[in-house]
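# Structural features, examined
What follows is the residue order along each chain.
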Amino acid sequence: MINYYKKDNKLILSYYPEQGQEDWIVKALQERGKASIKKTFTFKPTDIFQWPSINDEDENFSFDKYDTQFVIGELEGSYYKIRKGILLSDYDIYLDRNLQITKEIFVADHDISVFGSLASLIREDIYIGGEHDKAIPEKAFNRILSNFPNTYEKKLYAKARITAILRDYLDTTIDGEMQYQQYMNKKIPLKGSNLQKLFKEWELEKYTTILQRLEQMLHNEKVYSEKNWQEELIQILLLLYPKYIAVFREVPIELPGSGRRYLDYLLLDSNGHADIVKSYHADHRSCDADHLG
């Protein structure tokens, strides 16, 4: 269990090990000279905080002999500075002194290091909140935290990836990709956001994803049946042209002198117009669309 406290201009991490592993951290510090917690924090013996005496009346502190407390930051001006080596090996981190310190600030689901993830994108010291000219505002930082994937989201993403493979072989496959997309649509916060910028970003993501999917299909063309290929292209058409409100497959038509024929697909748009989609297979698979008024 981990708790965080502010005391004597210091930011303190209090760590209580799981039952049955109470002495592991002491052994690690003695034998290896360092100990890592939650795949996020790395401490040395010199980081141990001077524990208060038994007469200290601060109720924030536990006096259990296994409750080890470390200094993770010290106040410098209006920021708690977390020096390099504790969270990041190459950069210091500065947290606004008024920032509410919670476990979510440092560790995301499944022991993902928040600042370790940021460091893969940022090549400088990181400031959170406060008045520094390069600080990430607290509201923006909270948005970053909310976008770290949780366990449920990871399961949905895995199902979506598996669906893309299984649908080539089984007709009864549940649409895991749709479940994942619906969840992500609900997760994206709209309140207080720049909607125009948000939807531009979504549009870019949509076209990038479509391009990647087409490249994947062309690279693995031989594993697709004709039916699967057609269905994949129809899904892409619906994304590119959201005006279509209904899709009909193998629509029968009567041609004079030729009898009954079947259209591969018929797409109906919101204005009542219909487009015919026909596919053919030569050296590669493709499709064409004809418009009916």
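Here goes a summary of the coordinates provided.

The rules we used
Residues numbered from 1 in each chain as written. Predicted model: local features only at pLDDT ≥ 70, side-chain atom pairs only at ≥ 80, totals over all residues. Heavy atoms only, no water. Helix = DSSP H or I, 4+ residues; strand = E, 2+ residues; numbered from the N terminus. Buried < 20%, exposed > 50% of the residue type's maximum accessible area, 1.4 Å probe, protein only. Contact = heavy atoms within 4.5 Å. Areas by Shrake-Rupley, 256 points an atom, 1.4 Å probe, with all protein chains shown as cover. Salt bridge = Lys/Arg side-chain N within 4 Å of Asp/Glu carboxyl O. Phe/Tyr/Trp six-rings, centres within 6.5 Å; stacked < 30°, edge-to-face > 60°.

### Describing the overall build of the chain
Secondary structure assignment for the chain yields 8 helices and 14 strands. Going through the 293 residues of the chain one by one, you find that 34% of them count as buried. Counting only contacts in the chain whose residues sit at least 6 apart along the sequence, the fraction spanning at least 24 positions is 45%. Summed over its atoms, the accessible surface of the chain is roughly 19200 Å², and 52% of this surface lies on carbon and sulfur atoms.

### A short note on the pattern of salt bridges
Under the defined criterion, the tally for this structure stands at 6 salt bridges. Here Arg83 and Asp47 are joined by a salt bridge, their closest N and O atoms 2.3 Å apart. A residue pair is termed long-range when its members are at least 10 positions apart, and Arg83 in the loop between strand S6 (79-82) and strand S7 (93-96) and Asp47 in the loop between strand S4 (41-43) and strand S5 (68-76) qualify at 36 residues. Using a relative accessible area of 6% as the deciding quantity, one classes Asp47 as buried. The residue Arg249 makes a salt bridge to Glu250 at a minimum N-O spacing of 3.6 Å. Judged by its relative accessible area of 35%, Arg249 falls in the partly exposed class. Residue classification places Glu250 among the partly exposed positions, given a relative accessible area of 47%.

### Considerations on the packing of aromatic side chains
Aromatic rings in a pair are described by how distant their centres are and how their planes are angled relative to each other. One pass over the structure, following the stated rule, counts 11 aromatic pairs. Each ring, one from Phe41 and one from Phe43, has its centre 5.9 Å from the other, and the planes form 5°; the classification is stacked. The exposure classification of Phe41 matches that of Phe43, with both residues buried. Ring centres 6.2 Å apart and planes at 45° place the aromatic pair Phe106 and Phe115 in the tilted group. One exposure class covers both Phe106 and Phe115, and it is buried. Through a chain of ring-to-ring contacts, three or more aromatic side chains come together here, namely Tyr4, Phe41, Phe43, Phe70, Phe106, Phe115 and Phe141.

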